[in-house]
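Chain by chain, the residues:
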Amino acid sequence: MRRQMRRRALSSLKELDAFPKVSESYVETSATGGTVSLIAFSSMALLAVLEFFVYRDTWMKYEYEVDKDFSSKMRINIDITVAMKCQHVGADILDLAETMITSNGLQYEPTIFDLTPQQRLWQRSLLLVQSRIKEEHALQEVLYKTLLKGGPTALPPRKDAAMEPHNACRIYGHIYVNKVAGNLHITVGKPIHHPQGHAHIAAFVSHETYNFSHRIDHLSFEEEITGIINPLDGTEKITSKHTQMYQYFITVVPTRLVTHKVSADTHQFSVTERERVINHAAGSHGVSGIFVKYDTSSLTVTVTEQHMPLWQFLVRLCGIVGGIFSTTGMLHGLVGFWCDVIRCRFRPRQSEKCAKE
């Protein structure tokens, strides 16, 4: 009696099997089955490898919010070479919030305006990257993630001691200003503090010495990050006019950059350039020099590098394997069905066998 009860229990347990049984026709080896199996395993291997590369890759996520931090200071990093002697040129920043002149933090270094062959090669490479970024904006994300593998993005120093006299002035350093619109002036004469505005002592500088040909080796806001290329880096302007005015209109966007290699507060910016010759007789008024007019955006951007989680990679991998198995199974059944139809219709010798089947 007990044995009979056990047999009934085992038979009931077998009937509860929810997995479909494999048809015996699928177990039989055939050329079509082997071909489909080969295609299936090859596809699974290929898609699995491609999915692994997708899993290893990262992407940048952009989040926008209103910038509520107006009380903090903003840092401006400057490295500009002007084709004039240091005693004839001066730089300052006029802050429109408090009408305050700020020039502390800048240093003047006599140098040679012409670049060495090594420096010229660096500049051409940088300008090539700049042009590609303007055409393909997605390259900026590559710079964020790789940071040019830590490669230097600053002008390499001169290795040879040049015998030529210094004919230019390198103005470099950093200045902290309020997060409001301002104007960086580089013009003739040293700046002086004045409560009603700003002024430059240019009375003792000969008009024939004016030459505002310049090169912007670096211009950025907030923390300097090695590998990040800014829009004006490598810009060079050459003029033969003594009364040339160059204007750069910049819109600065506060940016928080969080990647696997760096976490820093920086600023992105867009720039519009304009240049003209000052000629009061022709109605072109102004002051000769280099003017960088900047304004801050009311939005802040958080750029975060994200990675696919492991569980999502495993789910996608299982979906690839299961999907290919199901698809190839249906494909194999369809091919087998049509092969049987063709064999029964166009081969009379097998018509009796088809009828029995």
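Structural data are supplied above this passage.
Residues numbered from 1 in each chain as written. Predicted model: local features only at pLDDT ≥ 70, side-chain atom pairs only at ≥ 80, totals over all residues. Heavy atoms only, no water.

Q: So what exactly am I meant to see when it comes to the overall build of the protein here?
A: When you go through the protein residue by residue, the secondary structure sums to 7 helices and 15 strands. The buried share of the protein, taken over its 357 residues, is 37%. Here the protein displays about 22500 Å² of accessible surface, and carbon together with sulfur accounts for 59% of that area. (Helix = DSSP H or I, 4+ residues; strand = E, 2+ residues; numbered from the N terminus. Buried < 20%, exposed > 50% of the residue type's maximum accessible area, 1.4 Å probe, protein only. Areas by Shrake-Rupley, 256 points an atom, 1.4 Å probe, with all protein chains shown as cover.)

Q: What's the story with the environment of Asp 95 in this structure? I'm lost.
A: With respect to the helices and strands, the residue Asp 95 is situated in strand 3 (residues 89-95). For Asp 95, a relative accessible area of 1% puts it in the buried group. Taking the C-alpha atoms as reference, Asp 95 lies 8.9 Å from Leu 184; in sequence the two are 89 residues apart. A polar contact is formed between the side chain of Asp 95 and the side chain of Asn 178, at a distance of 2.9 Å. (Polar contact = N/O pair within 3.5 Å; in protein donor to acceptor, adjacent residues only side chain to side chain.)

Q: Explain the sheet that holds strand 5 (residues 106-111) here, please?
A: Two pairing modes exist for strands in a sheet, parallel and antiparallel, and in both the strands are linked by backbone hydrogen bonds. Pairing in this open sheet of 5 strands is antiparallel, and the strands run 5-6-2-10-11 from one edge to the other. The strands lining the two open edges of the sheet, one partner per strand, are strand 5 and strand 11 (235-237). Each strand axis lies, on average, 15 degrees off the axis of its neighbour in the sheet, ignoring direction. Sheet topology note: the strand 2 (residues 73-82)/strand 10 (residues 214-221) ladder contains 7 bridges and is antiparallel. Each residue of the ladder has a partner; that of Asn 77, found in strand 10, is Ser 220. (Pairing = 2+ DSSP bridges. Axes fitted to C-alpha atoms, helices over the stretch in contact; angles between N-to-C directions.)

Q: Teacher, can you tell me more about the pattern of salt bridges here?
A: Oppositely charged side chains may form a pair once their charged atoms are brought near each other. Per the stated rule, a full pass over the model turns up 11 salt bridges. Among the ionic pairs, Lys 179 bridges to Asp 67, the shortest N-O distance being 3.1 Å. In this pair, Lys 179 sits in the loop between strand 6 (168-178) and strand 7 (182-188) while Asp 67 sits in the loop between strand 1 (58-66) and strand 2, placing the two residues 112 residues apart along the sequence. Among the residues examined, Asp 67 registers a relative accessible area of 8% and is labelled buried. Of the charged contacts, one joins Arg 215 and Asp 217 as a salt bridge, the two residues approaching to 3.1 Å between their closest N and O atoms. Take Arg 215 and Asp 217: they sit in the same class, and that class is buried. In the salt-bridge network here, residues are joined through shared partners; they are Arg 120, Arg 215, Asp 217 and Glu 236. (Salt bridge = Lys/Arg side-chain N within 4 Å of Asp/Glu carboxyl O.)

Q: Explanation requested: the nonpolar core in the structure shown.
A: The tendency in soluble globular proteins is for nonpolar side chains to be buried as a group. Core analysis: the largest hydrophobic core is formed by 33 residues, its most contacted members being Ile 250 and Tyr 294. Of all elements in the fold, only strand 2, strand 3, strand 6, strand 7, strand 10, strand 12 (244-258) and strand 14 (289-296) reach the threshold of two or more residues within this core. Per element, the largest residue contribution to this core is 5 residues, and it comes from strand 2. Every residue in contact with Ile 250, bar those within four places of it in the chain, is listed here: Leu 219, Phe 221, Leu 232, Phe 269, Ser 270, Val 271, Val 292, Lys 293, Tyr 294 and Asp 295. (Core = buried A, V, L, I, M, F, W, Y, C linked by side-chain atoms within 4.5 Å. Contact = heavy atoms within 4.5 Å.)

Q: Sorry if this is basic, but what is going on with the pairing of strand 3 here?
A: In summary, the side chains of a regular strand alternate between the two faces of the sheet. Taken across its 7 residues, strand 3 has 7 buried, putting it largely inside the fold. The side-chain alternation of strand 3 yields two buried faces, one formed by Val 89, Ala 91, Ile 93 and Asp 95 and the other by Gly 90, Asp 92 and Leu 94. For strand 3 and strand 7, the ladder comprises 7 bridges, and the chain directions are antiparallel. Bridge pairing in strand 7 places Ile 93 opposite Leu 184.

Just distances and angles here, no functional claims.
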